[in-house]
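# Descriptive structure summary
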Amino acid sequence: MDFAELVYLSSAGLRVILAAQKQMNKQGEMVIVKVNETIMEIFEVTGFTEILNIE
């Protein structure tokens, strides 16, 4: 997933990303790239950095 244009991420968006990650764990790999500082901070605060493969 390319997050280069992402500037806002709500709790609903986090749930969608988590569901996608769970699905991809069963059948492949999901990588998130080009995450800006704001979105990375959200991932860090919520603990998603431990769950997601972020490059």
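Now for a description of the structure that goes with this document. Since the model is a prediction, treat every value here as computed from it, not as a measurement.

It is worth spelling out helix α2 (residues 37-46) at this point. Residue asparagine 36 occupies the N-cap position of α2, its side-chain oxygen lying 3.0 Å from the main-chain nitrogen of threonine 38. Glycine 47 sits one or two positions beyond α2 and adopts a positive phi of about 85°.

So, about the pattern of salt bridges. Under the criterion given, the structure shown has one salt bridge. Here lysine 34 ties to aspartate 2 by a salt bridge, and the two come within 3.6 Å at their closest N and O atoms. Taken together, the residues span a long stretch of sequence, with lysine 34 in the loop between β1 (31-32) and α2 and aspartate 2 in the segment before α1 (11-27) at a distance of 32 residues.

In this section: the environment of valine 35. Checked against the element boundaries, valine 35 lands in the loop between β1 and α2. Exposure remark for valine 35: the relative accessible area of 18% places this residue in the buried category. Put simply, valine 35 and isoleucine 54 are 19 residues apart on the chain and 7.9 Å apart in space, counted from C-alpha to C-alpha. Every residue in contact with valine 35, bar those within four places of it in the chain, is listed here: Phe3, Met40, Phe43 and Ile54.

About the criteria used
- Residues numbered from 1 in each chain as written.
- Predicted model: local features only at pLDDT ≥ 70, side-chain atom pairs only at ≥ 80, totals over all residues.
- Heavy atoms only, no water.
- Polar contact = N/O pair within 3.5 Å; in protein donor to acceptor, adjacent residues only side chain to side chain.
- Helix = DSSP H or I, 4+ residues; strand = E, 2+ residues; numbered from the N terminus.
- Salt bridge = Lys/Arg side-chain N within 4 Å of Asp/Glu carboxyl O.
- Buried < 20%, exposed > 50% of the residue type's maximum accessible area, 1.4 Å probe, protein only.
- Contact = heavy atoms within 4.5 Å.

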